[in-house]
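Here are the chains, one letter per residue:
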Amino acid sequence: MNWLSNYVRPKIRALVAPREVPENLWHKCPSCDQMIFHRDLEENLHVCQHCGFHMRLDPLKRLAMLFDDGKYETIELPKAPIDPLKFRDQKRYVDRLKEAQAKSGNADAIMVAFGRMNGMEVVIAAFDFRFMGGSMGVAVGEGMLAAAKLAVLQDAPLVVVPASGGARMQEGILSLMQMPRTVIAVEQVKEAGLPYIVVLTDPTTGGVTASFAMLGDIQIAEKGAQIGFAGARVIEDTIRETLPEGFQRSEYLLEHGMVDMVVHRKDLRPALVRLLGLLRYRTPAAEVVSLPNPDHEIPKLGFETAAGPTPTSTAGDPHSSRPEP
Amino acid sequence: MLTFLEFEKPIAELESKIEELRHLTDNGDINIAEEVGKLQAKVDRLLRQTYAKLLPAQKVQVARHPNRPHFTDYVGALIEDFSPLAGDRAYAEDRAIIGGIGRFRGYSVLVVGQEKGHDTETRILHNFGAAKPEGYRKVQRLMQLAERFQLPVICLVDTAGAYPGVGAEQRGQAEAIARCIETCLRIKVPLVAAIIGEGGSGGAIAIAAADRVLMLEHSIYSVISPEGCASILWRDRTQASEAAIALRLTAQDLKELGVADQIVSEPIGGAHRDHAASIAVVGDALETALSELRGQDGTTLRLRRREKFIEMGMHTLS
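If you're wondering where the values come from, they're calculated on a predicted model, not measured in any experiment.

Our focus in this paragraph is the domain arrangement of chain B. Interface extent is often summarised as the accessible area lost during association of the parts. All names here are of chain B. Assigned domains within chain B: domain 1 (6–53) and domain 2 (59–317). Between the C-alpha centres of domain 1 and domain 2 the distance comes to 35 Å. Taken together, the contact between domain 1 and domain 2 spans nine residues of the former and nine residues of the latter. Between domain 1 and domain 2, roughly 700 Å² of surface is buried when both sides are summed, and carbon and sulfur atoms account for 57% of that area. It is Phe7, Leu47 and Tyr51 that lose the most area in domain 1 upon contact with domain 2, and together they represent 63% of the buried surface on that side. Among the salt bridges present, the one from Glu15 reaches Arg273, with a minimum N-O distance of 3.0 Å. At the junction of domain 1 with domain 2, the criterion picks out two residue pairs in polar contact (both at pLDDT 80 or more). It is helix α2 (residues 30–52) that provides the largest number of residues to the side of domain 1 that touches domain 2, a total of four residues.

With 97% of its residues at a pLDDT of at least 70, chain B reaches an overall mean of 94. Both scores are available for the predicted complex, with the pTM at 0.88 and the ipTM at 0.94.

With that settled, the discussion passes to the interface of chain B and chain A. Across the boundary between the two partners, chain B contributes 46 residues, which contact 51 residues of chain A. Summed over both partners, the interface of chain B with chain A buries about 4,200 Å², with 73% contributed by carbon and sulfur atoms. When the area that chain B buries against chain A is broken down by residue, the three leading residues are B:Glu169, B:Val223 and B:Leu233, summing to 15%. Between the two partners, chain B and chain A, sit four salt bridges. Note that A:Glu191 is salt-bridged to B:Arg306, the shortest N-O span being 2.7 Å. Our enumeration of links across chain B and chain A arrives at nine residue pairs in polar contact (both at pLDDT 80 or more). Listing elements by their share of the side of chain B that touches chain A, those giving two or more residues are α7 (166–170), α8 (173–186), α9 (201–205), β7 (220–222), α10 (226–234), α11 (240–247) and α14 (298–310) of chain B.

A separate point is the packing of aromatic side chains. A full pass over the atoms with the stated rule returns six aromatic pairs over all chains. Consider the rings of A:Phe127 and A:Phe212, whose centres lie 5.7 Å apart with planes at 20°: the pair is stacked. Of this pair, A:Phe127 sits in strand β5 (residues 120–127) while A:Phe212 sits in the loop between α8 (206–209) and β8 (218–222), and the two are 85 residues apart along the sequence. When the ring centre of B:Tyr163 is taken as origin, the NZ or CZ atom of B:Lys132, which lies over that ring, is 5.0 Å away. Of note, B:Arg294 hangs over the ring of B:Tyr107, and the distance from its end group to the ring centre comes to 3.4 Å.

Thresholds, definitions, all that
Residues numbered from 1 in each chain as written. Chains lettered and ligands numbered in written order. Predicted model: local features only at pLDDT ≥ 70, side-chain atom pairs only at ≥ 80, totals over all residues. Heavy atoms only, no water. Domains from an automatic or database assignment. Contact = heavy atoms within 4.5 Å. Buried area = accessible area lost by both parts, 1.4 Å probe. Salt bridge = Lys/Arg side-chain N within 4 Å of Asp/Glu carboxyl O. Polar contact = N/O pair within 3.5 Å; in protein donor to acceptor, adjacent residues only side chain to side chain. Helix = DSSP H or I, 4+ residues; strand = E, 2+ residues; numbered from the N terminus. pLDDT = per-residue confidence, 0-100. Phe/Tyr/Trp six-rings, centres within 6.5 Å; stacked < 30°, edge-to-face > 60°. Lys NZ or Arg CZ within 6 Å of the ring centre and 35° of its normal.

Following this line, the structure appears as structure tokens:
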């Protein structure tokens, strides 16, 4: 080879090639491949500002985004048996668990928190998809029961934000039994007369969808989330056809009558606040104060308005300081 | 014709030998009858030995055996005046799940369960026992009917799983299963489920959140098929027998894990070798379970059912 190809070309390449960017500063949108500055990403609640793609959120970010001022208390979940089947495939399940715990910093795939949304006390159970695909084993079932118990004790609504591939195979039949188990948890909340709202996020499939995640009094889906029972590949193998465009996406479910609404992430908190307010405070505020207030205003949080996740826009809500009916 | 499984080959050979000898007995030769008797004893011994220590993967095969008695066989033999009730009143009639009222040992009951079919025609008619949302919605409707008339419910579970298809997803397969589980846990009448063959994942638990869960000796019940599990965790479907071990899906495993309440013995060589005997034993077990639950009031029943499922998985194996 000559001087040109050995020396000059690499030099030019080095000059032209995109410089290595620090990983923590720039993120690439998995949908449109555009680069997003980390601060913009945080500000946009991990929604791509270029294409609107909703990235998966870990439970800490999810809880911070939903509660007033990002403040909440997590509850320690009851201990569940670890590796009840002594399961091993190519790896031991206990090792997979340890890895997932190290990676996520969580004991299992669910976090349960208590806090306020626009002043209303609310229990939120959020899934961690990084933890073995958010899969549901005994510990997750335990988390759902604990969340329900807390909601009933605090007389607070329960909001569940699943992100899960379904049942956790490594716990065999016991993971399947978490389906009736979590259904009972939901039943306890409903029997206490408390609202149970599900926020379906990407992805929610399998045994999770086929149990507590489809039983909400109100079903909200985040934009573009994959939601379904069977996996797309399983369906393709069964019907031997390619699947329709947008199959099992939030918008598709809305179209087929399976969810109440599809929301952009920035509208999620306002929507929850509004719905919970309507379900919790059912009589005119006028009954509490002596004189009807003509300026009484129910916060309008339409999806068109770019109401931010901060509670400032609803600070003047008369309901927030209202005593329990 | 009885279908023989791979591991039954030595038994199949002996049985065909017996068959051959029987054709010769016309000659009146006494030694042949004696020989047949000897061979038959050998077959029985071999069957007993083989079926006493079936590997999990072999149990999977037996549970899916095409000659195994199915829903229709049980209902035909055990239920008088069976009156199938069709449709979910919303979309369609799903023949993968059959439901109806009838008389079981003197008492009116509701019976529901998946039917796999026994030949090509009936298998297609019943969609191989893979139900769609309308099937699970029909079950909800019928269970509410049962509750209204205080009829105990018998669920016979035999499915590879709920049907994975585009239409099923569009019409809310997940929601239909979730509501079906909810209905099982809500109704204030006795609910007994028997896993008669294959208890396949969500499609099975949808109708098996019961006061008593019986499992036939060689039935299986699992969160995922061993083939599906192998293809995900081993990335190789041929590792299904390994997965079958790891999943702990046999009736014996489930009894130990506290998911099955009782194991119902099958005739020697499996239910497919003696339908009448197998169905009779299941009938007796169902009757016993129902008679234990009959006296209890609805609210207590429901409470106990819930308590039972709240405990699921909280015990580790001893």
